[in-house]
Amino acid sequence: MLRQRANHRRIFILLLILLLLGVILFPELQKRPLYFLARPVVLVITGLQAGLTWIGGGFGHVWQNYFDLVSVKRENDLLKQDLARLQNEKIQLLEAAQAADRLQQLLDLKEAVSYHLVAARIIGRDPSNWYRTVMINKGTRDGVNVEMGVITPVGVVGRVIKSSATASQVLLATDRNSAVAALIERTRDEGLVEGTENGMARIKYLSLLAELQEGDLVLTSGLTGVFPKGLQIGTLGRTTKKESDLFQQAALVPSVDFSKLEEVLVITSLEERPGPPGRSGPSSPELKGSRK
Amino acid sequence: MNRWVYVIIALLLVPIQTTWLSAAGLHTVRPDLVLLFVYFTGFYAGEWAGILTGSALGLIMDFVSGGPMGLNIAAEGIMGLLSGLLGRFFLNTTATLTMGMVLLLSVVDGIVVFSFHQWVMSGIPFIEVFRWTILPEALYNTLIGGFIFWAVVRRLDIKKPWADPASYSTPIV
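Residues numbered from 1 in each chain as written. Chains lettered and ligands numbered in written order. Predicted model: local features only at pLDDT ≥ 70, side-chain atom pairs only at ≥ 80, totals over all residues. Heavy atoms only, no water.

1. What about the interface of chain B and chain A?
Here comes step 1: Contacts between the two partners involve 29 residues from chain B and, on the opposite side, 20 residues from chain A.
Here comes step 2: Summed over both sides, the interface of chain B with chain A buries roughly 2,100 Å², with 54% coming from carbon and sulfur.
Here comes step 3: The largest per-residue losses of area from chain B upon contact with chain A belong to Arg30(B), Gly66(B) and Thr133(B), which jointly make up 22% of the total buried on that side.
Here comes step 4: In this assembly, chain B and chain A are joined by zero salt bridges.
Here comes step 5: On inspection of chain B and its partner chain A, the count reaches 13 residue pairs in polar contact (both at pLDDT 80 or more).
Here comes step 6: Element by element, the count of residues in the side of chain B that touches chain A is highest for helix α6 (residues 126–153) of chain B, at six residues.
Here comes step 7: Of the residues assigned to the side of chain B that touches chain A, the class counts are 13 nonpolar, twelve polar and four charged. (Contact = heavy atoms within 4.5 Å. Buried area = accessible area lost by both parts, 1.4 Å probe. Salt bridge = Lys/Arg side-chain N within 4 Å of Asp/Glu carboxyl O. Polar contact = N/O pair within 3.5 Å; in protein donor to acceptor, adjacent residues only side chain to side chain. Helix = DSSP H or I, 4+ residues; strand = E, 2+ residues; numbered from the N terminus. Nonpolar A, V, L, I, M, F, W, Y, C, P; charged D, E, K, R; others polar.)

Here's what the structure looks like:
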């Protein structure tokens, strides 16, 4: 039985070898009889190939997309970080530009006037609600002393009431304890500007004969010696005039926004400082009319 | 609370009050963080702690305030005493009660400061001061006090020393 099977195998192998030799030696055989055999086989194989290629392509596409998404996410994160950084830089640059503008205004004022000025930065405000004061970063070491006037390019801020080596306290013009000698620019009537309880200011002791108008400019009169003549304090608001009173008074809208103070100038001396000829005097015309 | 944390918070209060808190101002009024700190100290740790904390912080305030020296030492010290005395009446408190007591204490603080001003420089109209300073500050303090109670005191479960049964054996000074 086993010998018979072995003989059959040998015959099969022999026939296969003869078939291969025939196919190789006679190319015509490749075209005709094998063609019919090859057709369905190729069909199946190519079908499978197409299927596998499609699956492989699709899978590869998904895989590629996945990797693309991962990289896109990473890129998105980086771009977001860049955006946040650039926005931060933009804010810092805008802040620096605004600071430069303010400092330029201070410098312009310092150059325009003839008295001695020291620039200072606001570093704190009064801890209580009872006083309107600010702390500046200049003290006796920089020549800042008590009873010196403090201004900005816009107008009067107040006067120094306490001074240490490195810092000073400035009583704002809106504090109830503050008093600044003033005059109305148009009528030349003199009065006294003092703060009110609600954080505003008023001008008192104006003559009953004074014909005041809302919006009149109020300037320093230069009488107290703290401020030179002609610095803007604010504009007149509503006037209160009673027959029984000896004087009339008016609300005053300060030209300085005290809630947004950042840098100020301290008048360390009203004496004229040496400088280039042609510079404007202590009461610079730019200050008289400036309404920023 | 850890003693050092307490001291650091106390030392940071006045600088915060004079810088960052300016941004939280409504018109010209800001909450008084020092008063709130003194209130909570006095209420939860007793009148002596309140007086000491109030006077020490009042001294720092006087250094940087435009007012006369001693005004805040006296005012904050008195507030520490009052908050400590108030604390003796209540073992446990609620946010509403805290807000009520902060309101009361802020108004009393305003009246004390006003009285001092009248003594030193007469002629300040009380109605104007009450309208523009005392009342707005008291209302602001009340809101912030309620928030601090809710956010800190309740969360950290801060209790009075004598509210702890373990301390019953030791005498309360």
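2. Quick look at unusual backbone geometry
Residues and elements named next belong to chain A.
Here comes step 1: Backbone geometry places Glu 147, a non-glycine residue, at a positive phi of 70°.
Here comes step 2: As for its position among the elements, Glu 147 is in the loop between β2 (133–136) and β3 (149–151).
Here comes step 3: Among the residues examined, Glu 147 registers a relative accessible area of 42% and is labelled partly exposed. (Buried < 20%, exposed > 50% of the residue type's maximum accessible area, 1.4 Å probe, protein only.)

3. Observations concerning the sheet that holds strand β4 (residues 156–163) of chain A
Residue and element names in this part refer to chain A.
Here comes step 1: Around the barrel, which closes on itself, the six strands sit in the order β1-β2-β5-β4-β3-β12 with antiparallel pairing between neighbours. Taking the axes of each pair of neighbouring strands and ignoring which way they run, one obtains an average angle of 45° across the sheet.
Here comes step 2: Bridging between β4 and strand β5 (residues 168–172) involves five bridges; their strand directions are antiparallel. Paired with Gly 158 across the bridge in β5 is Leu 172. (Pairing = 2+ DSSP bridges. Axes fitted to C-alpha atoms, helices over the stretch in contact; angles between N-to-C directions.)

4. Overview of helix α5 (residues 95–120) of chain B
Residue and element names in this part refer to chain B.
Here comes step 1: The terminal C-alpha atoms of α5, which comprises 26 residues, lie 37 Å apart, in line with the 38 Å expected from a rise of 1.5 Å per residue.
Here comes step 2: For α5, the complete set of buried residues consists of Thr 98, Met 101, Val 102, Leu 105, Ser 106, Asp 109, Gly 110, Val 113, Phe 114 and His 117.
Here comes step 3: For α5, the secondary structure elements touched by its buried residues are α2 (33–45), α4 (71–87) and α6. (Expected span 1.5 Å × (residues − 1).)

5. Focus on the nonpolar core
Here comes step 1: If you look at the biggest cluster of nonpolar residues, it comprises 26 residues, and the most contacted ones within it are Ile151(A), Val193(A), Ile203(A), Val218(A), Phe227(A) and Ile233(A).
Here comes step 2: Apart from residues lying up to four places away in sequence, Ile233(A) is in contact with Val156(A), Val180(A), Ala181(A), Ala182(A), Val193(A), Val218(A), Leu219(A), Thr220(A), Leu252(A), Val253(A), Pro254(A) and Ser255(A).
Here comes step 3: With 23 residues, the next largest nonpolar core counts Phe37(B), Leu57(B), Met61(B) and Val153(B) among its residues. (Core = buried A, V, L, I, M, F, W, Y, C linked by side-chain atoms within 4.5 Å.)

6. Looking at the sheet that holds strand β7 (residues 190–195) of chain A
Residues and elements named next belong to chain A.
Here comes step 1: If you walk around this closed barrel you meet the six strands as β6-β7-β8-β11-β10-β9, and the pairing is antiparallel. When strand polarity is set aside, the average angle formed by the axes of neighbouring strands in this sheet is 40°.
Here comes step 2: Pairing geometry for strand β6 (residues 179–184) and strand β9 (residues 217–220), over three bridges, is antiparallel. The partner of Ala 182 across the bridge, within β9, is Thr 220.

7. Quick word on the pattern of salt bridges
Any two side chains of opposite charge can pair, on the condition that their charged atoms come close.
Residue and element names in this part refer to chain A.
Here comes step 1: Evaluation of the coordinates by the stated rule reveals 13 salt bridges over all chains.
Here comes step 2: Of the charged contacts in the structure, one is a salt bridge between Glu 89 and Arg 85, with a shortest N-O distance of 3.2 Å. Of this pair, Glu 89 and Arg 85 both sit in helix α3 (residues 33–112), separated by four residues, roughly a single helical turn.
Here comes step 3: Take Glu 89: its relative accessible area is 35%, and that puts it in the partly exposed class.
Here comes step 4: The salt bridge partner of Arg 176 is Glu 197, with a shortest N-O separation of 2.8 Å. Placement of Arg 176 in the loop between β5 and β6 and of Glu 197 in the loop between β7 and β8 (201–207) is noted, with a sequence separation of 21 residues between them.
Here comes step 5: Three or more residues are tied together by salt bridges with common partners; here these are Arg 102, Arg 121, Glu 262 and Glu 263.

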